[in-house]
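Read off the chains here:
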Protein chains: 2
Amino acid sequence: MKMNQCKIVDCTIRDGGLVNNWDFSVEFVQTLYAGLNKAGVDYMEIGYKNSPKLLKGADQAGPWRFLDDDFLRKVIPQKGTTKLSALVDIGRVDENDILDRKESMLDLIRVACYVKDVDKALQLVQTFHDRGYETTLNIMALSNVMENELIEAFEMIKDSAVDVVYIVDSYGSLDHKDIAFLVEKFQKHLPNKRLGVHAHNNLQLAFSNTLIASEAGVELLDASVYGMGRAAGNCPTELLVSQLKNTTYNLRPVLDVIEQLMIPLREKEEWGYIIPYMVTGALDEHPRSAMALRATEDKDKSGEFYDKLMSPEVTIEKK
Amino acid sequence: MKMNQCKIVDCTIRDGGLVNNWDFSVEFVQTLYAGLNKAGVDYMEIGYKNSPKLLKGADQAGPWRFLDDDFLRKVIPQKGTTKLSALVDIGRVDENDILDRKESMLDLIRVACYVKDVDKALQLVQTFHDRGYETTLNIMALSNVMENELIEAFEMIKDSAVDVVYIVDSYGSLDHKDIAFLVEKFQKHLPNKRLGVHAHNNLQLAFSNTLIASEAGVELLDASVYGMGRAAGNCPTELLVSQLKNTTYNLRPVLDVIEQLMIPLREKEEWGYIIPYMVTGALDEHPRSAMALRATEDKDKSGEFYDKLMSPEVTIEKK
C-alpha cells in the first residue's frame, strides 16, 4: 500500500483572521495547535508575517496579523510535529523582520500574489529561501487569468527557488474539471515543483476540489477547522483528516477543537455557505461585494444583490 | 451545442418534511411551486403518497405526508410546466388511494426501498405504471449493499416497467469515485433504464457528487432549496440551477424563494453540515444516532459521540 504524500496546511488562524480581524486569544491558538498536533496535521499557518508599518489600521488587528518571533516563542514554548507557517503579501512585508530560520519559530513562509506580481513574489521567495525556510508561491484568482500570462509566470517560476506552487481558487468558482485542468497544466509546465491547492467553499466544492487535486498529485492541501475563513470559508480540516486515504491523521482531536473553539466562535462570527457568497462564486467574482452586503440590514436580499451584479450599468459604476 | 438532458427533481417539501414533520403552510408550498416553475425546475416532489391508515402518529403530521388529490387541486389550481411528484414507501401505501394519472395532479410516483425489497417495490411500480404515471425506483443505502444482492436486483429491474432507477446515497458517505463506480455499474447492467441520483451532504459532497453523476449521464437529479432535508440535507437546488451547463434554468426565482421562505425557516429548523452528521457520514452509518444526539443538550459533543460509535461494545448493545 502506497502512503498518501499529501500534507495538510491548516489556515484557521491566518484565513480565519480575515473574519474576526485576528481576534484570537493566545489560549485559543494554543488549544488549536495542540489539537492539530494530536491530529497529525502537518502545518499550522499561524498568521501573516506582514509588517504593521506597511498596513493601515494595523493597531486594531490581533497579533496574528503581524507575527513576531518573540511573541510566538511565548505562545508555543514547545513545538510538536506540526510545523508553523506564515503568509506574506507582496508590498506588505519588511524583509528586515524575517529572522534566519534557525532563530525562528516558523518553518514555512508562503508568498501570495496575483499573476502579474509573480516576479516580485519570486524575489521575496528567494530571500526566504536563502534564510533557510521552506517556501510556497500562492497564485491567487487563477479563474481570472489568461493563458499567456500564466505561461509567462511558469517560465519565471520553473527556474526559481520556490518549493511549492499553489493553485488558489480565490473566488470559489472552480469545479472538478477546472481543478483537473489546472493541475495538469501546472504539472506539465512545472515538472520540478511540488503543488498545493487552496479552495473556497462558495459553491460547496472546496472539499471535493481539494480531494480531486490530491488524487491528481497535489501535495499541500489548505484547510481550516470547521471551514473558518473569509466569506464562504475553506475546505474543512475535519473532512480532510477523516477522508484522505492511506494517511495516519486522527479525527478525534479535531472534533474536540470544533466543540471547544469553533462552535462557540461561529455563534459570534459568520462564515460558510451563505447565499450572497454563492452568488459571487457563481459569477466568478471577488466576494467583497457580498461581504459588504452581509454587513447591512439587507444581508439576505440576495435576489436584489444578484440583479445588481448582473446589471452592466452598475458594473461600470463600480469601477 | 448539445443540450443537457438532466432534469431537476426538487424534494424540498418531501425530504424537508422529515425535518419539520411536514409542517409547511399551503402558502409556503404555493410560493415554492411558483418559484420552481419560474426557475424552470422540472419536477417538484410535493410529499409522500403513503396512507395515514398504515402509519403511526399520522394525525400529527402535515398534509404533505399523505397527499390527497382533492387537497392538491386546491393548493395548485393552475399547474405550470413543473411536474408534480410523490414518494411512496414499501408497505406504507394503499393502492386504492392512487387515482389514474389522468384524474390526478401527480405526474411521477417514486418508490423508495432497500435492495432486499426491490421485488415488492417493482410490484408497486407496475401498478403505478399501469395507471399511467412516470415511475422511479429509488434504491436506498447503496453503500451498504453487497455486489451479489445488487446484481440480483438488476435482474429484476431490467425486465420491469420502471422508467428511472435511482442511486441513493442515504448516509452521505460516497465520494466522486464511488459515484462514478455506481453509475458505470448501473449503466452496464441496466442499459435500457434512465438513471437518477439522490445525494446527502454529510461530507459536503452532495452537489459535487450530483454534478459528477450528471456528467456521467445520470438524468434525474434530486435536490432541495437551500439543501433542506433530513440531517445533513441534500444537494442544493440553487447550485444545480446555477451551475449545470447547457440548461435553461433561472437562478433568480430560487434566490427569492430562499430569501422569502428558507432563511426564516432555517432560523427555526435545523439541517445541513453539522458535525454529528459528518461523523455518521464518515462512518457510513444512518444518521439516526446523530439526530437523537441533536435533540439533547449534548448536541455539540461530537467527540464523545464519535467514541460511542467507534466502540464495538456499544455497537453490539445498540442491536
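Residues numbered from 1 in each chain as written. Chains lettered and ligands numbered in written order. Predicted model: local features only at pLDDT ≥ 70, side-chain atom pairs only at ≥ 80, totals over all residues. Heavy atoms only, no water.

**Some words on the domain arrangement of chain A**
All names here are of chain A.
Part 1 of the reasoning: Splitting chain A by domain gives domain 1 (7-268) and domain 2 (275-318).
Part 2 of the reasoning: Taking only C-alpha atoms into account, the centre of domain 1 sits 26 Å from that of domain 2.
Part 3 of the reasoning: On the domain 2 side, the residues contacting the ten residues of domain 1 number ten residues.
Part 4 of the reasoning: With both sides pooled, the region where domain 1 packs onto domain 2 buries about 850 Å², and carbon together with sulfur makes up 61% of that total.
Part 5 of the reasoning: Considering only the surface of domain 1 that becomes buried against domain 2, Tyr 171, Asn 202 and Ala 231 emerge as the three largest contributors, covering 50% of it.
Part 6 of the reasoning: At the boundary of domain 1 with domain 2, the tally comes to zero salt bridges.
Part 7 of the reasoning: Residues belonging to the side of domain 1 that touches domain 2 are distributed by class as follows: four nonpolar, five polar and one charged. (Domains from an automatic or database assignment. Contact = heavy atoms within 4.5 Å. Buried area = accessible area lost by both parts, 1.4 Å probe. Salt bridge = Lys/Arg side-chain N within 4 Å of Asp/Glu carboxyl O. Nonpolar A, V, L, I, M, F, W, Y, C, P; charged D, E, K, R; others polar.)

**Structural notes on the sheet that holds strand β2 (residues 43-48) of chain A**
Residues and elements named next belong to chain A.
Part 1 of the reasoning: Taken together, the eight strands give a closed barrel; going around it, the order is β1-β2-β3-β4-β5-β6-β7-β8, and neighbouring strands pair in parallel fashion. Neighbouring strand axes in the sheet, compared pairwise and without regard to direction, differ in orientation by 25° on average.
Part 2 of the reasoning: When strand β1 (residues 7-10) meets β2, the two strands line up parallel, connected through two bridges. Bridging across to β2, Asp 10 finds its partner in Met 44.
Part 3 of the reasoning: Packed onto the sheet, helix α1 (residues 12-20) meets β1, β2, β3 (83-89), β4 (108-113), β7 (194-198) and β8 (220-223) and runs at close to 40° relative to β2. (Pairing = 2+ DSSP bridges. Helix = DSSP H or I, 4+ residues; strand = E, 2+ residues; numbered from the N terminus. Axes fitted to C-alpha atoms, helices over the stretch in contact; angles between N-to-C directions.)

**Focus: the side chain of Thr 237 of chain A**
Part 1 of the reasoning: Position of Thr 237 of chain A among the secondary structure elements: in helix α8 (residues 237-243).
Part 2 of the reasoning: Leaving out residues up to four positions away in the same chain, Thr 237 of chain A has contacts with Ile 8, Asp 10, Leu 36, Val 41, Ala 223, Ser 224 and Val 225 of chain A.

**Details of the interface of chain A and chain B**
Part 1 of the reasoning: Contacts between the two partners involve 38 residues from chain A, matched on the other side by 38 residues from chain B.
Part 2 of the reasoning: Between chain A and chain B, a total of about 3200 Å² is buried, with carbon and sulfur atoms accounting for 60% of that surface.
Part 3 of the reasoning: The three residues of chain A that bury the most area against chain B are Gln 204, Arg 252 and Leu 255 of chain A, which together make up 16% of that side's buried surface.
Part 4 of the reasoning: Run the count over chain A and chain B and you get two salt bridges.
Part 5 of the reasoning: The closest approach of N and O atoms between Asp 307 of chain B and Arg 252 of chain A, which form a salt bridge, is 2.6 Å.
Part 6 of the reasoning: Where chain A meets chain B, there are eleven residue pairs in polar contact (both at pLDDT 80 or more).
Part 7 of the reasoning: Broken down by secondary-structure element, the contributors of at least two residues to the side of chain A that touches chain B are α6 (176-189), α7 (206-215), α8, α9 (251-268), α10 (275-282) and α12 (302-310) of chain A.
Part 8 of the reasoning: Of all the elements, α9 of chain A adds the most residues to the side of chain A that touches chain B, at seven residues.
Part 9 of the reasoning: Residue composition of the side of chain A that touches chain B, grouped by class: 18 nonpolar, eight polar and twelve charged. (Polar contact = N/O pair within 3.5 Å; in protein donor to acceptor, adjacent residues only side chain to side chain.)

**As for the UniProt feature "domain: Pyruvate carboxyltransferase" (unreviewed entry) in chain A**
Part 1 of the reasoning: Taking the numbering used here, the UniProt-annotated feature "domain: Pyruvate carboxyltransferase" (unreviewed entry) corresponds to residues 6-259 of chain A.
Part 2 of the reasoning: Between the end C-alpha atoms of residues 6-259 of chain A there is a gap of 26 Å, over a span that is 37% helix and 17% strand. (UniProt positions renumbered as here; feature names shortened; annotations may be inferred.)

**Examining the sheet that holds strand β3 (residues 83-89) of chain B**
All names here are of chain B.
Part 1 of the reasoning: Pairing is parallel around the closed barrel formed by eight strands, whose spatial order is β1-β2-β3-β4-β5-β6-β7-β8. Across the sheet, the axes of successive neighbouring strands diverge by a mean angle of 25°, strand direction being ignored.
Part 2 of the reasoning: Across five bridges, the pairing between β3 and strand β4 (residues 108-113) is parallel. Note on β4: the bridge partner recorded for Val 88 is Val 111.
Part 3 of the reasoning: Each of β5 (134-139), β6 (164-168) and β7 (194-198) touches helix α6 (residues 176-189); the most contacted strand, β6, lies at about 155° to it.

**Details of unusual backbone geometry**
Part 1 of the reasoning: A positive phi angle, near 60°, is found at Ala 231 of chain A, a position not held by glycine.
Part 2 of the reasoning: Secondary-structure assignment places Ala 231 of chain A in the loop between β8 and α8.
Part 3 of the reasoning: Within the chain, Asn 246 of chain B stands out as a residue other than glycine whose phi angle is a positive 55°.
Part 4 of the reasoning: Structurally, Asn 246 of chain B can be placed in the loop between α8 (237-243) and α9 (252-268).
Part 5 of the reasoning: According to the relative accessible area criterion, Asn 246 of chain B is partly exposed, its value standing at 31%. (Buried < 20%, exposed > 50% of the residue type's maximum accessible area, 1.4 Å probe, protein only.)

**Some thoughts on the relation of the copies chain A and chain B**
Part 1 of the reasoning: For the pair chain A and chain B, the superposition axis carries a translation of 0.0 Å, the fit reaches an RMSD of 0.0 Å, and the rotation angle comes to 180°. As the rotation angle and translation indicate, the two copies are arranged about a two-fold axis.
Part 2 of the reasoning: A high fraction, 100%, of the interface residues of chain A reappear at the interface in chain B, so the copies pair face to face through one surface. (Least-squares fit on C-alpha atoms with pLDDT ≥ 70 in both.)

**Re the pattern of salt bridges**
All names here are of chain B.
Part 1 of the reasoning: In total, this model carries 48 salt bridges over all chains according to the counting rule given.
Part 2 of the reasoning: Of the charged contacts, one joins Arg 101 and Asp 107 as a salt bridge, the two residues approaching to 3.1 Å between their closest N and O atoms.
Part 3 of the reasoning: We classify Arg 101 as partly exposed; its relative accessible area is 25%.
Part 4 of the reasoning: Between Glu 155 and Lys 158 there is a salt bridge whose closest N-O contact spans 3.4 Å.

**Overview of the packing of aromatic side chains**
Part 1 of the reasoning: A complete count under the given rule lists ten aromatic pairs over all chains for this structure.
Part 2 of the reasoning: Summarising the aromatic geometry, the rings of Trp 64 of chain A and Phe 71 of chain A are spaced 5.2 Å apart at their centres and angled 55° between planes, so their arrangement reads as tilted.
Part 3 of the reasoning: Looking at Phe 71 of chain A, the relative accessible area reads 23%, which means it is partly exposed.
Part 4 of the reasoning: Look at Phe 154 of chain B and Phe 186 of chain B: their rings are 4.9 Å apart centre to centre, the planes differ by 85°, and that puts the pair in the edge-to-face class. With Phe 154 of chain B in helix α5 (residues 147-158) and Phe 186 of chain B in helix α6, this pair connects stretches of sequence that are 32 residues apart.
Part 5 of the reasoning: The lysine or arginine in question, Arg 110 of chain A, covers the ring of Tyr 166 of chain A, its NZ or CZ lying 4.8 Å from the ring centre. (Phe/Tyr/Trp six-rings, centres within 6.5 Å; stacked < 30°, edge-to-face > 60°. Lys NZ or Arg CZ within 6 Å of the ring centre and 35° of its normal.)

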